[in-house]
Amino acid sequence: MFIAFLSSFFTSCTNLFSYSPFDADLKTQHLNAKSIATLQSASVAENDTVWFAVISDPHNNYDDLKDAITSINRMEGVRFVVCCGDITNWGTADEFRWYKEIIEKSVHPVITMIGNHDYLSNGHLVFQRMFGDTNFSFSYGGYNFVFFDDVVWEDNNSMPDFDWLQNSLSTAKTNVLFAHIPAWSDQMAGVFEQRMDSILSSNRVVGAIYGHDHGFQYVAGAETDQYAINDIDDRCFALVSLCDSKMTLKMLDY
Amino acid sequence: MILIVSLLLIGFLCFPVSVSAQKNHTDYLRPDAIEIQYAGNYGLMSVGLGQEFCKDILTSYLVLGYLPKAVNGTEVKTLAVKNTVEMKQFDFRKTSLKFYTGVSLIYYRTHNTYSRFPKYFPKSYYDFPTSLHAAPLIGTSFRRNSDKNGFAFFSELSTLDYYLVDFFRNRSINFLDLWNLSFGMVWHFD
């Protein structure tokens, strides 16, 4: 029996030798840059409505994530998928690999941002090797999509790079913001929340979408509507449309 | 850190105490084997000092492992107690092939991995320490019967508590993906 197990193991195992669950045994892959390049290679007119899907906090719910991707794959008109972070529970390289194996089945480009759980152990390094920078932005359909890494506690209790956020938002006419932790939630509440509000109000941001809190929340603003969306475990995802510089978001069950 | 190291040492000391009826107290704590291992959950290389009990059916090792930053981009130090129990032994003329199973209790020291989270985290923000883990294993060892004080060679498949939890939560995870292979050598000096 042991011999049979061993032979199956040799033929099917992806990582034969592993030195530690906490190592960063990954080659640089630039998955986000590749997804953005794929997305931008498809033409879109300035006045077209841009549809995209947002999922968040899959953690170790791989079956639910797989079902979400399958469901989004069936939707026509969706241009890309965003995952708002916490793609692992403990930041181990194997958890990142299992997430990657599932999103590779998406017919749409998937853009992944970092969450606080992904920072644990050497997760920050693994994320950078697999996906690229944790603060990044790209333009598509006349909008500037900004992904802001606002993890505080798991990043050694350090301040998010608000200067980068201000610069990124101020260079574009119309922005959509993604961050893992809502501006009003635990790690951001207080001084950082005020800084975030100040930046949002001084730039043209049509909507901000967050994860982290594992439930739906909506905060209407004079300039910016802010949403925290459900986690994958709730078996729903957000379908978002951008039209005439206006963002609408609807949660769909799958 | 002190608490974790204490727990590991207690685990190492208590396992032999509970099974060492045949050994007198002067033998207790005197190691009779040194192992060196490549890969597994302990690092690039690890060394262990241990004892065999109950006619070599049970073994217990205190293991130190190290993964240098130059190998996979990050440094990981480990301190572990590895306990195994023999499942079956086959003797062929002057050699024996042993199959065994066991579990290691491993303390990891690396970046952003905690036995107690810093004070800026609210209480119970994370339910478990991220630095302490149980790692089940199955293995096989090959040894010449005549070499009471000689060498044995072994290979092991091991996994981690995290991965077993993920496997039982998800149908889509391949069971074989949970395991990794390692091999090593033991020097017995009874």
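Starting from 1, residues in each chain are numbered consecutively following that chain's sequence as written. Chains carry letters and ligands carry numbers; both start at the beginning, A for chains and 1 for ligands, and go up in the order they are written. For a predicted model such as this one, the threshold for reporting local features is a pLDDT of at least 70, and the threshold for listing and counting side-chain atom pairs is 80 or more; totals across whole chains, interfaces and linings nevertheless cover every residue.

1. Describing the overall build of chain B
Where helices and strands are cited, they refer to DSSP runs of H or I of at least four residues and of E of at least two residues respectively, numbered from the N terminus. Per the secondary structure count, chain B includes three helices and eight strands. When the helices and strands of chain B are listed from N to C terminus, the series reads α-β-β-β-α-β-β-β-β-α-β. In chain B, 54% of the contacts between residues at least 6 apart in sequence involve partners at least 24 apart. Distance between backbone-placed C-beta atoms decides contact: two residues are in contact if it is within 7 Å.

2. Section: the overall build of chain A
The helix and strand tally for chain A stands at seven helices and eleven strands. At 18 Å, chain A has a C-alpha radius of gyration in line with the 18 Å of a compact globule built from 254 residues. If you line up chain A on its principal axes, its C-alpha atoms span 65 × 40 × 30 Å. Between the buried cut of 20 or more and the exposed cut of 12 or fewer other C-beta atoms within 10 Å of a residue's own C-beta lies the partly exposed class, and all C-beta atoms are placed from the backbone. By residue count, 49% of the 254 residues in chain A fall in the buried class. Within these notes, the globule rule equals 2.2 Å times the number of residues to the 0.38 power, and the radius of gyration is based on C-alpha atoms.

3. With respect to the interface of chain A and chain B
Counting residues at the interface gives 33 residues for chain A and 36 residues for chain B. Mapped by element, the contributors of at least two residues to the side of chain A that touches chain B are α1 (2-12), α3 (62-73) and α4 (93-103) of chain A. Considering every element that reaches the side of chain A that touches chain B, the biggest residue donor is α1 of chain A, with four residues. All residues other than Ala, Val, Leu, Ile, Met, Phe, Trp, Tyr, Cys, Pro, Asp, Glu, Lys and Arg, Gly among them, are scored as polar; the first ten of these are nonpolar and the last four charged. Taken together, the residues of the side of chain A that touches chain B sort by class into 16 nonpolar, eleven polar and six charged.

4. Here's the deal with the nonpolar core
All names here are of chain A. A set of buried residues drawn from Ala, Val, Leu, Ile, Met, Phe, Trp, Tyr and Cys, joined through C-beta atoms within 7 Å, is what defines a nonpolar core. Core analysis: the biggest nonpolar cluster contains 93 residues, and V54, V81, V82, C84, F178 and I209 have the highest contact counts within it. When residues in this core are grouped by element, the largest group, six residues, is from α4. Excluding residues within four positions of it along the chain, F178 makes contact with V82, C84, M113, V146, F147, F148 and I209.

5. Some remarks on the pairing of strand β6 (residues 132-144) of chain B
Residues and elements named next belong to chain B. Residues H133, A135, L137, G139, S141 and R143 point to one face of β6 and are all buried, whereas L132, A134, P136, I138, T140, F142 and R144, pointing to the other face, are not buried. Taken together, the 13 bridges between strand β5 (residues 95-109) and β6 define a ladder with antiparallel strand orientation. The residue of β6 that forms the bridge with L97 is F142. Paired strands, as defined in this entry, are two strands with at least two bridges between them according to DSSP. Sheet topology places β6 next to strand β7 (residues 151-158); seven bridges connect them, and they run antiparallel. Bridge pairing links F142 to F153 in β7.

6. Some words on the environment of S245 of chain A
All names here are of chain A. In this structure, S245 sits in the loop between β10 (236-243) and β11 (246-253). Using a count of 11 C-beta atoms within 10 Å as the deciding quantity, one classes S245 as exposed. Through-space distance from the C-alpha of S245 to that of F192 is 27 Å; in sequence the pair is 53 residues apart.

7. Re the environment of N167 of chain A
By secondary structure assignment, the location of N167 of chain A is in helix α6 (residues 162-170). Among the residues examined, N167 of chain A registers 11 C-beta atoms within 10 Å and is labelled exposed.

8. Focus on helix α5 (residues 123-130) of chain A
Residues and elements named next belong to chain A. Most of α5 is tucked away: seven of the eight residues are buried. Of the residues making up α5, those classed as buried are G123, H124, L125, V126, F127, R129 and M130. Buried residues along α5 sit against α2 (31-41) and α4.

9. Some remarks on the packing of α3 of chain A against α4 of chain A
Residues and elements named next belong to chain A. The axes used here are C-alpha line fits, helices contributing only the stretch in contact, and every angle between their N-to-C directions lies in the interval 0 to 180 degrees. Viewed as axis vectors pointing N to C, α3 and α4 meet at an angle of 25 degrees, and their least axial separation amounts to 9 Å. When the interaxial angle is binned, α3 and α4 end up roughly parallel. The handedness of the crossing between α3 and α4 is right-handed. Counted together, Y62, L65, K66 and I69 of α3 and W98, I102 and I103 of α4 form the full contact between these two elements. Looking at the contact of α3 with α4, its residues break down into six nonpolar, no polar and one charged. Here is the rule for angles: anything less than 35 degrees is roughly parallel, anything more than 145 is roughly antiparallel, 65 through 115 is roughly perpendicular, and the remaining ranges are oblique. In this scheme the crossing of two helices becomes right-handed for a clockwise turn of the near helix relative to the far one and left-handed for an anticlockwise turn of less than a right angle.

10. Focus: the confidence of the model for chain B
Residues and elements named next belong to chain B. One number per residue, pLDDT, summarises how confident the predictor is, and it ranges from 0 to 100. On average, residues of chain B score 86 in pLDDT, and 84% of them reach the 70 mark or higher. Low confidence marks residues 17-21, where pLDDT is under 50. Its contacts with residues over four positions away, or in another chain, come to five contacts. In the model output, the complex is listed with pTM 0.90 alongside ipTM 0.86.

11. Here we look at α6 of chain A
All names here are of chain A. Within α6, burial applies to L165, S168 and L169. Angularly, the buried residues of α6 cover 95 degrees about the axis, an arc narrow enough to put them on a single face. The exposed set on the far side of α6, more than 90 degrees from its buried face, consists of D163, N167 and S170. Looking at the buried residues of α6, the elements they touch are β4 (136-140), β5 (143-148), β6 (175-179), α7 (191-201) and β7 (205-210). In this description, one arc is meant: the one made by directions from the helix axis to the C-beta atoms.

12. Brief notes about the environment of A33 of chain B
All names here are of chain B. On the secondary structure map, A33 appears in strand β1 (residues 33-39). C-beta crowding within 10 Å serves as the criterion here: with 19 such atoms nearby, A33 is assigned to the partly exposed category. Setting aside its immediate chain neighbours within four residues, A33 contacts G50, Q51, E52, V186, W187 and H188.

13. Considerations on the sheet that holds β11 of chain A
Residue and element names in this part refer to chain A. Pairing within the open sheet is mixed, and its five strands lie in the order β3-β2-β1-β10-β11. Across the chains shown, the open sheet's two edge strands, defined by having one partner strand only, are β3 (110-112) and β11. Put simply, the sheet's adjacent strands are angled 25 degrees from each other on average, direction ignored. Alignment of strand β2 (residues 78-83) against β3, held across three bridges, turns out to be parallel. What sits directly across from V81, in β3, is V110.

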